[in-house]
Amino acid sequence: MPDDVPITDEDRLIYQLTIHRDLVGWTIGKLDKSGVIAKRTTGNDPRGDIVIVNPNDASKVQEIIGKIHNQYNSLTPIESQFTVDRITTNQPHIEIKSTYLFGKGINEIIETGTAIAVVSANKISQPGKAKLFQAGIAYAENIPLSEFMDVESQE
Amino acid sequence: MFDISFYAVNGEPSDCVRITESIYEWLAKSSFAKIGISMDIQLHLDGEEVLLPVVELSHDIRQKLRDFFRDAIINESGTVLTKLGDSPSKEEYQQETYCMKKLLELLKCVENENYQYLQRV
């Protein structure tokens, strides 16, 4: 969206929806390339945006998301030793975000008990990343819009 | 999933309501998106300084948002009661009341005068 075009809040909400939908599609495409089948959740499913069809793929998914994070971010000391106990669930889901993630937003993801990874087009706060790490949830932040916008066809 | 966040003047305390794409889409296409205008403001959150687009919850804006969510909850409760019938299963109950619970959470945050800003984008 060009900077010089005045946009309303309605436009901005719709734009957030587009970012979110495209990032879901891009993430599913990345997993598919690694042989992991994942699908968009539908309706008001509070468990997350993407469901991993085979729960046994959960740790593979976390490794893929970790690699995606490393691709777009410089490693911090805590991230370079991602050997924390991974969360175990028989309903593994991925959470997709497009705005700054911090505080209660992090807690809500952890409390689902089903989120194994977070993929965000925006920043995750440093304490937030530490909490996700401790909860055994992988994350990838700061995914550039240019990487995933308008990639619906990849699904 | 999406977060609708609420902040005090300096950022903290804050709260957020985690909602599904389906509810966010509904909000985006409703009059909710037309109440107030988001402006970038520097806030202190989780020990970090961040610039976020927020709507200032002036008396007028807060009132309009409160009316919006109250109306939405009344409408939704009618729909939910019709759908649930007399003996819903636990799953049906959880599924059908999800949206109403989220609208109630949003209303509580809007009515909490400790929060001075709303972030929806």
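Basis of the calculations
Positions within a chain are numbered from 1, following the residues in the order the chain's sequence is written. Following the order in which they are written, the chains are lettered starting with A and the ligands numbered starting with 1. Where totals are concerned, whole chains, interfaces and linings use all residues; where local detail is concerned, this predicted model gives features only for residues with pLDDT of at least 70, and gives and counts side-chain atom pairs only at 80 or more. Computation of side-chain values covers all heavy atoms of the structure but excludes hydrogens and water. Contact between two residues is taken to exist if any of their heavy atoms lie within 4.5 Å; hydrogens are not considered. The quantity reported as buried area is the accessible area (1.4 Å probe) lost by two parts once they are put together, taken as the sum for both. Within this document, salt bridges are pairs made up of a side-chain nitrogen of Lys or Arg and a carboxyl oxygen of Asp or Glu, the two lying within 4 Å of each other. For the purposes of these results, a polar contact is taken to be a pair of N or O atoms within 3.5 Å, where, inside protein, one atom must be able to donate a hydrogen and its partner to accept one; residues adjacent in sequence count only when each atom of the pair is a side-chain atom. Every helix listed is a DSSP run of H or I at least four residues long, and every strand listed is a run of E at least two residues long, numbered separately from the N terminus. By the convention adopted, Pro, Cys, Tyr, Trp, Phe, Met, Ile, Leu, Val and Ala count as nonpolar, Lys, Arg, Asp and Glu as charged, and the other residues, Gly among them, as polar. Strands are treated as partners if at least two bridges between them are detected by DSSP. For every residue, the accessible area (1.4 Å probe, protein chains only) is compared with the maximum for its type, and the residue is labelled buried under 20%, exposed over 50%, or partly exposed between those bounds. Any two rings among Phe, Tyr and Trp, with Trp reduced to its six-membered ring, count as a pair given centres within 6.5 Å; such a pair is stacked if its planes are under 30 degrees apart, edge-to-face if over 60, and tilted if neither. By definition, being over a ring means that NZ of Lys or CZ of Arg is both within 6 Å of the ring centre and within 35 degrees of the ring normal. To form a nonpolar core, buried Ala, Val, Leu, Ile, Met, Phe, Trp, Tyr and Cys residues must be joined to one another through side-chain atoms within 4.5 Å. Any helix carries an expected span of 1.5 Å times its number of residues minus one. The angle between axes fitted to the seven residues ending at a residue and the seven residues starting there is what we call the bend at that residue.

A.B. asks: Before we go on, may I ask you to explain the interface of chain B and chain A in this structure?
C.D. replies: Size of an interface, as often reported, equals the accessible area lost when the parts are brought together. In this complex, chain B contributes 37 residues to the contact, which on the side of chain A involves 35 residues. Roughly 3,000 Å² is buried in total at the junction of chain B and chain A, and carbon and sulfur atoms are behind 53% of that figure. Counting the surface chain B buries against chain A, the share from its top three residues, B:Met1, B:Arg18 and B:Asp46, is 24%. Where chain B touches chain A, the interface holds eight salt bridges. Put simply, B:Glu48 and A:Lys123 hold a salt bridge, and the shortest N to O gap is 3.3 Å. On inspection of chain B and its partner chain A, the count reaches 20 residue pairs in polar contact (both at pLDDT 80 or more). Broken down by secondary-structure element, the contributors of at least two residues to the side of chain B that touches chain A are strand S1 (2–8), strand S2 (11–19), helix H1 (21–28), strand S3 (39–45), strand S4 (48–56) and helix H3 (90–111) of chain B. Looking at the side of chain B that touches chain A, its residues break down into 19 nonpolar, six polar and 12 charged.

A.B. asks: Just to check I follow, could you spell out the pairing of S3(B) for this structure?
C.D. replies: A regular strand carries its side chains on alternate faces of the sheet. Residues and elements named next belong to chain B. Note: S3 against S4, seven bridges, orientation antiparallel. From the neighbouring strand, Asp 40 faces S4, where its bridge partner is Pro 53. The turn joining S3 and S4, which pair antiparallel and follow one another in sequence, is formed by two residues; a positive phi near 50° is taken by Asp 46.

A.B. asks: Honestly, the pattern of salt bridges in this entry has me stumped. Any pointers?
C.D. replies: When charged atoms on two side chains of opposite charge get close, those side chains can pair. Applying the stated rule across the entire model yields 18 salt bridges over all chains. With a closest N to O distance of 2.8 Å, B:Asp15 and A:Lys104 form a salt bridge. Of this pair, B:Asp15 sits in strand S2 while A:Lys104 sits in helix H3 (residues 103–112), which puts the two residues in different chains. One salt bridge in this structure joins A:Glu141 and A:Lys129, with 2.6 Å as the shortest N-O distance. Within this pair, whereas A:Glu141 is found in the loop between strand S5 (138–140) and helix H5 (145–148), its partner A:Lys129 is found in helix H4 (residues 126–134), the two being separated by 12 residues in sequence. The same class applies to A:Glu141 and to A:Lys129, which are both buried. Through salt bridges with shared partners, a single ionic network connects A:Arg21, B:Glu21, B:Glu25 and B:Lys29.

A.B. asks: What is the right way to look at the pairing of S4(B) in this model?
C.D. replies: Of the pairings in the sheet, the one linking S4(B) to strand S5 (residues 117–119) of chain B comprises two bridges and is antiparallel in character. Note that in S5(B) the partner of B:Glu56 across the bridge is B:Tyr117.

A.B. asks: For this particular structure, what's the right way to read the packing of aromatic side chains?
C.D. replies: Each aromatic ring pair is characterised by the separation of its centres together with the angle its planes make. Going through the model one piece at a time under the given rule, you end up with 10 aromatic pairs over all chains. Centre to centre, the rings of A:Trp26 and A:Tyr72 are 6.5 Å apart; their planes meet at 55°, and the pair counts as tilted. Of this pair, A:Trp26 sits in helix H1 (residues 9–33) while A:Tyr72 sits in helix H2 (residues 58–72); the two residues are 46 residues apart in sequence, bridging distant segments of the chain. In this structure, A:Trp26 and A:Tyr72 share a single accessibility class: buried. A network of ring pairs unites the aromatic residues B:Trp26, B:Phe32, B:Phe68 and B:Phe69 as a single cluster. Seen from the ring of B:Phe32, B:Arg120 lies directly overhead, with NZ or CZ sitting 5.3 Å from the centre.

A.B. asks: Sorry, what's going on with the nonpolar core here?
C.D. replies: Most often, soluble globular proteins keep nonpolar side chains buried together rather than apart. All names here are of chain A. Residues Ile 52, Ile 65, Ile 94 and Ile 143 are the most contacted members of the largest nonpolar core, which totals 36 residues. Of all the elements in the fold, those that place two or more residues in this core are H1, strand S2 (50–52), H2, strand S3 (93–97), H3, strand S4 (115–120) and S5. Leaving out residues up to four positions away in the same chain, Ile 94 has contacts with Thr 27, Leu 31, Gly 48, Asp 49, Ile 50, Ile 52, Val 61, Ile 65, Ala 117 and Val 119.

A.B. asks: Explain the side chain of B:Arg66 here, please?
C.D. replies: Tracing the backbone through its elements, the reader meets B:Arg66 in helix H2 (residues 59–84). Dropping the residues within four chain positions of it, B:Arg66 is found in contact with B:Leu107, B:Val110, B:Glu111 and B:Glu113.

A.B. asks: Is there a simple way to explain H3(B) in this structure?
C.D. replies: Residue pairs three or four apart in sequence face the same way in an α-helix, which turns once every 3.6 residues. Across its 22 residues, H3(B) extends 30 Å between first and last C-alpha, which sits within 8% of the 32 Å expected from 1.5 Å per residue. Of all the bends in H3(B), the greatest measures close to 45° and is centred on B:Tyr98. For H3(B), every residue scored as buried is listed here: B:Thr97, B:Tyr98, B:Cys99, B:Met100, B:Lys102, B:Leu103, B:Leu106, B:Leu107, B:Cys109 and B:Val110. On the buried face of H3(B), the contacting elements are H3 of chain A together with S1, S2, H1 and H2 of chain B.

A.B. asks: Explanation requested: unusual backbone geometry in the structure shown.
C.D. replies: Backbone geometry follows two general trends: most residues other than glycine have a negative phi, and most peptide bonds adopt the trans configuration. Residues and elements named next belong to chain B. At the junction of Glu 12 and Pro 13, the peptide bond is cis and its omega measures out at -5° in the coordinates. Take Pro 13: it is sitting in strand S2. Of note in this structure, Asp 46 is not a glycine but carries a positive phi near 50°. Along the chain, the position of Asp 46 falls in the loop between S3 and S4.

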